[in-house]
Protein chains: 2
Amino acid sequence: MGETTSNEIRQSWQDRVADKKSRILASIPKEFDHPELTHSLEDTASVQDVPQKYLSAKELGITALDASSLVVAIREKKYTSVEVLNAFTHRAAIAHRLLHCCLALPYDLALARAKELDAFLDKTGETVGPLHGLPISVKDQCRLIGTETTCGFVYPIGNVDKDDAAVVKILKDAGANIFAKTSLSIGCMWGETVNNILGRASNPFNRSFSCGGSSGGEGALIGFKASPLGFGSDLGGSIRSPSAYQGLYGLRPSSGRVPYYRMLNSMEGQQTIVSVVGPMARSIDDIEMIMKVIISSSPWTLDPYCVPIAWRTDAVNEITNRKLRIGVFEWDGVCLPQPPIRSALKRTAAALQAAGHETIPWKIDQQRATELVLKVFRSDAAGDIRRQCAKSGEPPMESGCDTPDPALGITQSWDLAMECLDFRAAVLEQWNQTADASKGLPPMDAYIAPVVPAVAPRHGDYSKVRYFAYTATVNLLDYTACTFPTGFVDPALDLPDDTSLVKDAQGGSLPPPTCERDETIRRRYDPEVYNGLPVCLQLVGRKLEEEKVVGMMKIIRDLLN
Amino acid sequence: MGETTSNEIRQSWQDRVADKKSRILASIPKEFDHPELTHSLEDTASVQDVPQKYLSAKELGITALDASSLVVAIREKKYTSVEVLNAFTHRAAIAHRLLHCCLALPYDLALARAKELDAFLDKTGETVGPLHGLPISVKDQCRLIGTETTCGFVYPIGNVDKDDAAVVKILKDAGANIFAKTSLSIGCMWGETVNNILGRASNPFNRSFSCGGSSGGEGALIGFKASPLGFGSDLGGSIRSPSAYQGLYGLRPSSGRVPYYRMLNSMEGQQTIVSVVGPMARSIDDIEMIMKVIISSSPWTLDPYCVPIAWRTDAVNEITNRKLRIGVFEWDGVCLPQPPIRSALKRTAAALQAAGHETIPWKIDQQRATELVLKVFRSDAAGDIRRQCAKSGEPPMESGCDTPDPALGITQSWDLAMECLDFRAAVLEQWNQTADASKGLPPMDAYIAPVVPAVAPRHGDYSKVRYFAYTATVNLLDYTACTFPTGFVDPALDLPDDTSLVKDAQGGSLPPPTCERDETIRRRYDPEVYNGLPVCLQLVGRKLEEEKVVGMMKIIRDLLN
């Protein structure tokens, strides 16, 4: 792509990693760094209270705010951009020690930027844009001038970006301050956040649990309130699994809505199922704010792949003050969600019904979807991942591209694209069929579904419990999806199923396990171990319905509160 | 795709072709068929006057109308649907004898449909939709229940469609009557209309000339006024070259605007440069009418690839009553357009200027574009075309997929997709740069360009003069383009260049020929031979700007009239 300068560094990959890691720590101002916090993976305690011991009252006050509140506070000069940057950098430094989640904390760049922004506001009384002074974190796929972008690989270490990713440019133009670049799985192709640079990132609610992946660094950082808002990417669930594990709103837009141009990825050029970039945040209002900023910048003038669709407030107005028709996808017949997720689905459906909305049973053939998605992910038999690893000599890791089969030929890859089209057309028709002509009712507006059947995987557990069908089906369909928190695992309420696994704790019958993975996921649930972990669901709308999904999300948020 | 029933016909491909050809003729009512008209390719005369000898005054009156006028005439009961169908079928039967352009004339189906439509209108006083009774022709890629769809191949002969292509369904639902399926090049991969079923189709303005391709049957039929409006497809210029050679408005929409679902194609699943379906007609009003009908049907509920963008009248209003900024792409530095096309460009630019619009010199690196497009077209080394031919045993023909190189591997095809993205991004930026910030002027609205450098190719000449860069660049960029007629070759005005080829007839200097093809195209122009052939240009807007392009097209049409 030509945006980076290639420094031919003749070093072992281990030396390059050591250099990178020490530079990350060196970039943190001494007063924000607390080396004693460096953690081991075995530590099960929540670290959510740690910042209270290290941050000032002002820093705690700033980091308690969501992004929408922060931009108001800065605009109204309650806080300066520098104060806000410092508070989040301090908290991010703690997060990095505790959770191993940052691949860059470019404080010098961010501080210079914050000073500029403060000077501009002081001088003109105006903000440079709607995000003036807002610190934003981005997955380390987003090129940012003056930083390195690794995509989880070792080979780019030492290459300095000369261009911003399109989404970064838009955020900067709107006044944002990109202050952190977060860890991810190698080449974005794994549902945990693990790479040869930082190792494994952890979940702030319980460090023996994964923060998810591939955008897990974002999940951990935002879930720890060490970033008010960030951007991940999602090819099979990579925004949504970390959002779910950390109790966040994470929007997976349809492709072509948020510009992906100049982001670094693996398998670049694969067009059958495309990765998308999207926001992760603490509130749906933040998601709405940032989407409006991005879309109002006309991203189609920066990225040839983007579609020229302005932010449609009429789509939001249309769903306000009318009865919604919401599908409820309880389970796909393959992997049953654990009790807290089943309970969250029931409560959400009940809240919708109580408010006069209609719920409709909904199910997609996710077995077929998974089959297609895996064929696409494995279509080059991990060739690209291996090639990128070979550039530095780092050892390849397990990835979603692994297969004993050979890479597809071009004809096979075209045939696979047609199979995917057929699947999309079949679900489109199935969705159309939810209309009720006899009552004059249109098709359902969206559906709610689990994000993942397991609340979160423990470190080391992921291979056994991974099941990405609830997210990956959405990627195959290129639908709009947003995760939302419904609460936290409460051992007093979220009782385990009967040990027989065919009855729940209330004696209600459950479908018998369908496969080893299904059984493992069911058995793995332990209320005492899962205690306090966030529980999330996802709301899924049709293709390019970001405004409508955000609007419905706000309605559901209000119903659940 | 599963829309057809496969009849296992154990016949030689020649027998199947003979059967198909006789069935096409047999489907024409005796009173409409005039076997004596069957032509040879050597006949240079225009056949545009032939219908006057065979058609009744009423039939001539009906076929003289454009589509917009016809739907009004039927709605107002000036003509019945049956009368309109019969007039066009009669004229199409003549066209088929003269030009070899129809792969199906399903009169029985169409007559039954017309009778139904008439009965409905008589009974209810209402039309079934905005296209009530309008005969429409479609390229023989469009599945139509009860007919065969060949895509120019022999193997599908005998397979009867059980489903309509999405675009056909929309047209039918709006009241249209699909009455003809038109010839095309084998697998749509050649710029002439030639296949092993019908051989070569000809141009009604001069039967020694090609009608273009791959949607040449549409071009010939509509150019002969034997269809009021039709649908072609365009992967490298396949709507626009036949439109140009027959003096038509032909819209190449961006992908995702008009549904392609359930159309038969070659190289299905190739996603780097995608074929699009679009209308060809005698007037821009017809193009606008049909696009409104299609988009207002919400095609994104039928085709998962379509984008949910309603018809944006505000985009048309925005360009009305303001100064346009139009790029003028005179030549690309590779193949100079022949004198009538250069003259048309100059006249159009002058008309724009005279009306107060701004013209801007514009040029794209079409050499690079062509290189990329050919790599994509040849990426399976004609494997699919050969496979489809092998199904029946028919001999493969020369195609745009031919290459001595082997098929690309999957990684090479992904790399190629990224090269295409880079090209698109570079042109996007180049277009953005046409903004004039010092004057507060936005980027140019569109550009005018040649469709092809040669007015039209004679039969047998195509391989020597073919140069598709002016069209194919638009496909690579996925921009919206519409051809428009500027007049006819007039030997008195459209003088040939000086035999030196470096001066035009007025003594103005020309760039020296750059290559053998450029020289051939220049030398090939002969005003006496080209006399009376239509001359067209294209107007090219940005991606998914169909409304705006149609709106600008109407402005230019008015300026030229």
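Rules of the game
Residues numbered from 1 in each chain as written. Chains lettered and ligands numbered in written order. Predicted model: local features only at pLDDT ≥ 70, side-chain atom pairs only at ≥ 80, totals over all residues. Heavy atoms only, no water. UniProt positions renumbered as here; feature names shortened; annotations may be inferred. Phe/Tyr/Trp six-rings, centres within 6.5 Å; stacked < 30°, edge-to-face > 60°. Helix = DSSP H or I, 4+ residues; strand = E, 2+ residues; numbered from the N terminus. Buried < 20%, exposed > 50% of the residue type's maximum accessible area, 1.4 Å probe, protein only. Polar contact = N/O pair within 3.5 Å; in protein donor to acceptor, adjacent residues only side chain to side chain. Contact = heavy atoms within 4.5 Å. Buried area = accessible area lost by both parts, 1.4 Å probe. Salt bridge = Lys/Arg side-chain N within 4 Å of Asp/Glu carboxyl O. Nonpolar A, V, L, I, M, F, W, Y, C, P; charged D, E, K, R; others polar. Least-squares fit on C-alpha atoms with pLDDT ≥ 70 in both. Pairing = 2+ DSSP bridges. Axes fitted to C-alpha atoms, helices over the stretch in contact; angles between N-to-C directions. Core = buried A, V, L, I, M, F, W, Y, C linked by side-chain atoms within 4.5 Å. Expected span 1.5 Å × (residues − 1). Arc of directions from axis to C-beta. Parallel < 35°, antiparallel > 145°, perpendicular 65-115°, else oblique. Left-handed = near helix turned anticlockwise from the far one by under 90°.

Naming follows an unreviewed UniProt entry, where chain A appears as amidase of Zasmidium cellare ATCC 36951. What UniProt states about chain A under its Catalytic activity (unreviewed entry) heading is, verbatim, "a monocarboxylic acid amide + H2O = a monocarboxylate + NH4(+)". The UniProt entry for chain A carries the following comment under Sequence similarities (unreviewed entry): "Belongs to the amidase family."

Caption draft 1: Geometry of the packing of aromatic side chains. Residue and element names in this part refer to chain A. Under the counting rule described, the total for this entry stands at 30 aromatic pairs over all chains. Summarising the aromatic geometry, the rings of Phe329 and Tyr447 are spaced 5.9 Å apart at their centres and angled 65 degrees between planes, so their arrangement reads as edge-to-face. Of this pair, Phe329 sits in the loop between strand S11 (325-328) and helix H12 (339-354) while Tyr447 sits in strand S13 (residues 446-450); the two residues are 118 residues apart in sequence, bridging distant segments of the chain. When the centroid spacing of 5.5 Å and the interplanar angle of 85 degrees are considered together, the rings of Trp431 and Tyr479 count as edge-to-face. Note that Trp431 is positioned in helix H15 (residues 410-432) and Tyr479 in the loop between helix H17 (469-477) and strand S14 (480-488), a separation of 48 residues in sequence. Ring pairing ties together the aromatic residues Phe329, Trp362, Trp431, Tyr447, Tyr467, Tyr470 and Tyr479, which thus form one cluster.

Caption draft 2: Main features of the side chain of His459 of chain B. All names here are of chain B. Relative to the assigned elements, His459 resides in the loop between strand S13 (446-450) and helix H16 (462-465). Residue His459 is classed as buried on the basis of its relative accessible area, which comes to 17%. One polar contact links the side chain of His459 to the main-chain carbonyl oxygen of Arg207, over a distance of 3.2 Å. A polar side-chain atom of His459 sits 3.2 Å from the main-chain carbonyl oxygen of Phe209.

Caption draft 3: Just the interface of chain B and chain A, in detail. Contact residues are listed per partner, giving 38 residues for chain B and 38 residues for chain A. Of the roughly 3300 Å² buried between chain B and chain A, counting both surfaces, carbon and sulfur atoms make up 65%. Counting the contacts that link chain B with chain A gives 0 salt bridges. On the surface where chain B and chain A come into contact, there are 10 residue pairs in polar contact (both at pLDDT 80 or more). Broken down by element, the side of chain B that touches chain A gets its largest block of residues, 12 residues, from helix H15 (residues 410-432) of chain B. The class makeup of the residues in the side of chain B that touches chain A is 21 nonpolar, 9 polar and 8 charged.

Caption draft 4: Fine view of the environment of Pro485 of chain B. Residue and element names in this part refer to chain B. The topology assignment puts Pro485 in strand S14 (residues 480-488). As for Pro485 and Pro340, which are separated by 145 residues in sequence, their C-alpha atoms are 12 Å apart. When near neighbours in sequence (up to four residues on either side) are disregarded, Pro485 contacts Gly247, Leu248, Tyr249, Val535, Cys536 and Leu560.

Caption draft 5: Inspection of the UniProt feature "domain: Amidase" (unreviewed entry) in chain A at higher detail. Within this numbering scheme, the UniProt entry marks residues 83-549 of chain A as carrying the feature "domain: Amidase" (unreviewed entry). As annotated, residues 83-549 of chain A has a helix share of 36% and a strand share of 15%, and its two end C-alpha atoms lie 34 Å apart.

Caption draft 6: Geometry of the pattern of salt bridges. Counted under the stated rule, the structure contains 69 salt bridges over all chains. The partner of Asp436 of chain A in a salt bridge is Lys439 of chain A, and the shortest N-O contact between them spans 3.9 Å. The exposed category is assigned to Lys439 of chain A, whose relative accessible area is 60%. Taking the shortest distance from any N to any O, the salt bridge between Lys172 of chain B and Asp164 of chain B comes out at 2.8 Å.

Caption draft 7: Inspection of the relation of the copies chain B and chain A at higher detail. Aligned on chain A, chain B shows an RMSD of 0.0 Å; the corresponding rotation is 180 degrees and the shift along the axis is 0.0 Å. These values place the two chain copies in the arrangement generated by a two-fold rotation axis. A high fraction, 100%, of the interface residues of chain B reappear at the interface in chain A, so the copies pair face to face through one surface.

Caption draft 8: Spotlight on the sheet that holds strand S2 (residues 135-139) of chain A. Residue and element names in this part refer to chain A. Strands sit in the order S1-S3-S2-S8-S10-S9-S14-S15-S13-S11-S12 across an open sheet of 11 strands; the sheet is mixed. Edge strands, defined here as strands with exactly one partner in the open sheet, are strand S1 (102-104) and strand S12 (358-361). Adjacent strand axes in the sheet meet at a mean angle of 30 degrees, parallel and antiparallel pairs treated alike. This element, helix H20 (residues 546-560), spans strand S9 (249-252), S11, S13, S14 and strand S15 (534-541) of the sheet and lies at about 15 degrees to S14.

Caption draft 9: Representation of unusual backbone geometry. All names here are of chain A. Following Gly213, the chain continues to Ser214 via a peptide bond in cis, the omega torsion being 5 degrees. Within the secondary structure layout, Ser214 lies in the loop between strand S7 (206-210) and helix H8 (216-223). Despite not being glycine, Asp478 has its phi angle at roughly 60 degrees, a positive value. A residue is classified by how much of its surface remains accessible, and Asp478, at 12% relative accessible area, is buried.

Caption draft 10: Summary view of the nonpolar core. One finds Leu131, Ile136, Val167, Leu171 and Phe231 of chain A to be the most contacted residues of the largest nonpolar core, which totals 106 residues. Ranked by residue count, the leading element in this core is helix H5 (residues 81-99) of chain A, at 11 residues. With sequence-adjacent residues up to four places away left out, Phe231 of chain A is seen in contact with Ile136, Ser137, Val138, Lys139, Val167, Leu171, Glu218, Val277, Gly278, Pro279, Ile290 and Ile294 of chain A. Counting 105 residues, the second largest nonpolar core, distinct from the first, contains Leu111, Ile319, Val535 and Val550 of chain B.

Caption draft 11: Molecular detail of the UniProt feature "active site" (unreviewed entry) in chain A. Residues and elements named next belong to chain A. Residues given the UniProt feature "active site" (unreviewed entry) here are Lys139, Ser214 and Ser238. These residues run over 100 residues, yet every pair of their C-alpha atoms falls within 10.6 Å of each other. When neighbours within four sequence positions are excluded, Ser214 is seen to be in contact with Lys139, Ser183, Leu184, Ser185, Cys188, Trp190, Glu192, Thr193, Ser233 and Ser238. Counting through the fold element by element, Ser238 comes out in the loop between strand S8 (229-234) and helix H9 (240-245). Take Ser238: its relative accessible area is 7%, and that puts it in the buried class. Leave out the neighbours within four places in its chain, and Ser238 touches Lys139, Cys188, Gly213, Ser214, Ser215 and Ser233.

Caption draft 12: Representation of the sheet that holds strand S11 (residues 325-328) of chain B in the model. All names here are of chain B. One open sheet accounts for 11 strands, arranged S1-S3-S2-S8-S10-S9-S14-S15-S13-S11-S12; its pairing is mixed. Since the sheet does not close on itself, it has two edges, and those belong to strand S1 (102-104) and strand S12 (358-361), each with one partner. Each adjacent strand pair in this sheet contributes to an overall mean axis angle of 30 degrees, direction not counted. Bridge count between S11 and S12: 4 bridges; the pairing is parallel. Counterpart to Gly327 in the pairing with S12 is Ile360.

Caption draft 13: Summary view of helix H6 (residues 107-124) of chain B. Residue and element names in this part refer to chain B. Taking 1.5 Å as the rise per residue, H6 with 18 residues should run 26 Å; its terminal C-alpha atoms sit 25 Å apart, in good agreement. Restricting attention to buried positions, one finds in H6 the residues Tyr107, Ala110, Leu111, Arg113, Ala114, Leu117, Asp118 and Leu121. When H6 is viewed along its axis, its buried side chains cluster within an angular range of 165 degrees and face the same direction. Among the exposed residues of H6, those pointing more than 90 degrees away from its buried face are Asp108, Lys115, Glu116 and Lys123. Residues of H6 that are buried in the fold lie against helix H4 (67-75), helix H5 (81-99), helix H7 (166-173) and strand S3 (177-182).

Caption draft 14: Expanded view of the packing of helix H10 (residues 284-296) of chain A against H20 of chain A. Residue and element names in this part refer to chain A. Viewed as axis vectors pointing N to C, H10 and H20 meet at an angle of 160 degrees, and their least axial separation amounts to 10 Å. Put simply, H10 runs roughly antiparallel to H20. Remark: the crossing between H10 and H20 carries left-handed chirality. Across the interface between the two elements, Ile284, Asp285, Ile287, Glu288 and Met291 from H10 touch Glu546, Val550, Met553, Lys554 and Arg557 from H20.

Caption draft 15: Broad picture of helix H12 (residues 339-354) of chain B. Residues and elements named next belong to chain B. An ideal rise of 1.5 Å per residue puts 22 Å on 16 residues; H12 measures up with 22 Å between its terminal C-alpha atoms. Those residues of H12 lying buried are Pro339, Pro340, Ile341, Arg342, Ala344, Leu345, Thr348, Ala349, Ala351 and Leu352. Close packing links the buried residues of H12 with S11, S12, S13, S14, strand S15 (534-541) and helix H20 (546-560). Once H12 finishes, Gly356 follows within two positions and takes phi at roughly 95 degrees, a positive value.

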